[in-house]
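Fold and contact review
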Amino acid sequence: MSPFAAAPLAALVTVLASYGIARLRGRWDTIDSVWGAGFAVIALVTAPFGAGSPTGWVVVALTAVWGVRLSVHLHTRNAGKPEDRRYREMAQRYGDRVGVLMFVRVYLVQGVVLWFVSLPVQAAVAAEPALPGAAVFAVLGGLVWLIGFVFEAVGDRQLRRFKADPANENAVLDTGLWRYTRHPNYFGDACVWWGLYLLACQSFVGAATVLSPVLMTWLHARGTGKPMLERGLAERRPAYADYVARTSGFLPLPPRR
């Protein structure tokens, strides 16, 4: 079996397991906690079927580190709190068909995204380096991944500490990384996948997977990430409009006066 054949099976098993756990817990936002771990599962499952190149193992390790950290963070953040309102609203709309529609429209869709976004990982595992200047792609990819990981992890930590202070209940975090971008975690996530893509670019097969980081970046900047989150924040926090006016929405930039 090739990594490209093993990956969709791993994604499907991850989605089915997540759905089963969600039904047992009575929380549809379980898929959020499993999201990062799903990429780690795909990387680890596909690794034994690859060419065994050093690049492939590095990409597997980096994917697993990023994915496990993200899942632990999201699970810890959501534990003991009400279910995410997005899922509550969907459950109300779906009514008696909530089980079927949640599986098809949320869990199955995320399984497809898991598979597609992880294509650079599959390519890195499957192929031996073939392109000229492979070392340049390796260094550049590792650097971009590291920048993304730091932005995501530090941004999450800063937000967690900010929310832990009751005095900040209706305030807006505008210090640290959040001074330069309204979403350092989303920006970091996108960089992680561009870094993994650059590492995969050491082969022709890997270079062809460019739409995977493009999709992940679009999801964060224009799709289900930033736009959906900001609609809720604008409604709940009056100071958020001023924060939006002076702070970059995605790329880290100096604050506007």
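Residues numbered from 1 in each chain as written. Predicted model: local features only at pLDDT ≥ 70, side-chain atom pairs only at ≥ 80, totals over all residues. Heavy atoms only, no water.

**Re helix 1 (residues 3-25)**
Selection rule: Secondary structure elements are defined from DSSP: runs of H or I of at least 4 residues count as helices, runs of E of at least 2 residues count as strands, and each element is numbered from the N terminus. Between the first and last residue of a helix there are one fewer steps than residues, each counted as 1.5 Å, and that sum is the expected span. Categorising residues by exposure relies on relative accessible area from a 1.4 Å probe, with only protein chains included: less than 20% of the type maximum marks a residue as buried, more than 50% marks it as exposed, and the intermediate range marks it as partly exposed. Throughout, a contact is declared for two residues whenever any of their heavy atoms are within 4.5 Å.
Between its first and last C-alpha, helix 1 extends 32 Å over 23 residues, near the 33 Å set by a 1.5 Å rise per residue. All buried positions along helix 1 are accounted for by Pro-3, Ala-6, Ala-7, Ala-10, Ala-11, Thr-14, Val-15, Ser-18, Tyr-19 and Ala-22. Where the residues of helix 1 are buried, they touch helix 2 (30-46), helix 5 (98-117) and helix 6 (119-126).

**A look at the nonpolar core**
Cut-off, in case you're wondering: What we call a nonpolar core is a set of buried Ala, Val, Leu, Ile, Met, Phe, Trp, Tyr and Cys residues that are connected through their side-chain atoms within 4.5 Å.
Core analysis: the largest hydrophobic core is formed by 29 residues, its most contacted members being Trp-35, Phe-39, Trp-66, Trp-145, Val-192, Trp-193 and Leu-196. Of all the secondary-structure elements, those providing two or more residues to this core are helix 1, helix 2, helix 3 (54-78), helix 5, helix 6, helix 7 (134-164), helix 8 (184-200) and helix 10 (211-221). With six residues, the single largest contributor to this core is helix 3. When residues no more than four places from it in sequence are discounted, the contact partners of Val-192 are Trp-66, Trp-145, Gly-148, Phe-149 and Glu-152.

**Brief notes about the environment of Thr-30**
Mapped onto the fold, Thr-30 is located in helix 2. The class for Thr-30 is buried, based on a relative accessible area of 3%. Each C-alpha atom, one on Thr-30 and one on Gly-20, is 9.7 Å from the other, the two residues being 10 residues apart in sequence. What Thr-30 contacts, discounting residues up to four positions off in sequence, is Ser-18, Ile-21, Ala-22, Arg-25 and Tyr-107.

**A look at helix 4 (residues 85-94)**
To keep it simple, the criterion reads: As used here, the arc belongs to the directions running from the helix axis to the C-beta atoms. What qualifies as a polar contact is a pair of N or O atoms within 3.5 Å, subject to a donor-acceptor requirement within protein and to the restriction that residues adjacent in sequence count only when both atoms come from side chains.
Restricting attention to buried positions, one finds in helix 4 the residues Tyr-87, Met-90 and Tyr-94. Buried residues of helix 4, seen end-on, are gathered within an arc of 60° and therefore sit on one face of the element. Counted as exposed and oriented over 90 degrees from the buried face of helix 4: Gln-92 and Arg-93. Looking at the packing, one finds that the buried side of helix 4 touches helix 2 and helix 5. N-cap assignment for helix 4: the residue whose side-chain oxygen lies 2.8 Å from the backbone N of Arg-86 is Asp-84. Phi for Gly-95, located one or two positions after helix 4, is positive at around 60°.

**Quick notes on the environment of Thr-247**
As for its position among the elements, Thr-247 is in the segment after helix 12 (240-246). On the basis of relative accessibility, which here comes to 1%, the residue Thr-247 falls in the buried class.

**Let's talk about the packing of helix 5 against helix 10**
The line we're drawing: Axes here refer to lines fitted to C-alpha atoms; in helices the fit is confined to the stretch in contact. Angles between the N-to-C directions go from 0 to 180 degrees. These descriptions rest on fixed angle ranges, namely under 35 degrees for roughly parallel, over 145 for roughly antiparallel, 65 to 115 for roughly perpendicular, and the rest for oblique. Any residue that is not Ala, Val, Leu, Ile, Met, Phe, Trp, Tyr, Cys, Pro, Asp, Glu, Lys or Arg is counted as polar, Gly included; the first ten are nonpolar and the last four charged.
Between helix 5 and helix 10, whose axes approach to 8 Å, the crossing angle comes to 135°. The angle between helix 5 and helix 10 falls in the class oblique. Contact with helix 5, carried on its side by Val-113, Phe-116 and Val-117, involves Leu-211, Ser-212, Leu-215, Met-216 and Leu-219 of helix 10 and no other residues of that element. A breakdown of the residues in the contact of helix 5 with helix 10 according to their chemical character gives seven nonpolar, one polar and no charged.

**Some thoughts on a positive patch on the surface**
We count it as follows: Two distance rules govern patches: like charges are joined within 9 Å, and nonpolar side chains (Val, Leu, Ile, Met, Phe, Trp, Tyr) within 5 Å, applied only to residues with over 30% relative accessible area and no salt bridge. All accessible areas in this document rest on Shrake-Rupley with a 1.4 Å probe, and a residue is counted as covered only by the protein chains that are shown. What makes a salt bridge here is a side-chain nitrogen of Lys or Arg within 4 Å of a carboxyl oxygen of Asp or Glu, nothing more. Only four residue types enter the tally: Lys and Arg on the positive side, Asp and Glu on the negative side; His and the chain ends are excluded. To locate a charge, the coordinates of NZ of Lys, CZ of Arg, CG of Asp or CD of Glu are taken.
Taken together, the side chains of Arg-77, Lys-81, Lys-163 and Arg-236 present a region of like positive charge at the surface. Positionally, Lys-81 belongs in the loop between helix 3 and helix 4.

**A closer look at the packing of aromatic side chains**
Operational definition: Pairing of aromatic side chains here covers Phe, Tyr and the six-membered ring of Trp, requires ring centres within 6.5 Å, and sorts the geometry by plane angle: under 30 degrees stacked, over 60 edge-to-face, intermediate tilted.
Applying the stated criterion across every chain, the model contains 13 aromatic pairs. Here Trp-194 and Tyr-197 contribute two aromatic rings whose centre-to-centre distance is 5.8 Å and whose plane-to-plane angle is 90°, an arrangement assigned as edge-to-face. With a gap of three residues between them, Trp-194 and Tyr-197 both fall in helix 8, about one helical turn apart. Residue Tyr-197 is classed as buried on the basis of its relative accessible area of 9%. A network of ring pairs unites the aromatic residues Tyr-19, Trp-28, Phe-103 and Tyr-107 as a single cluster.

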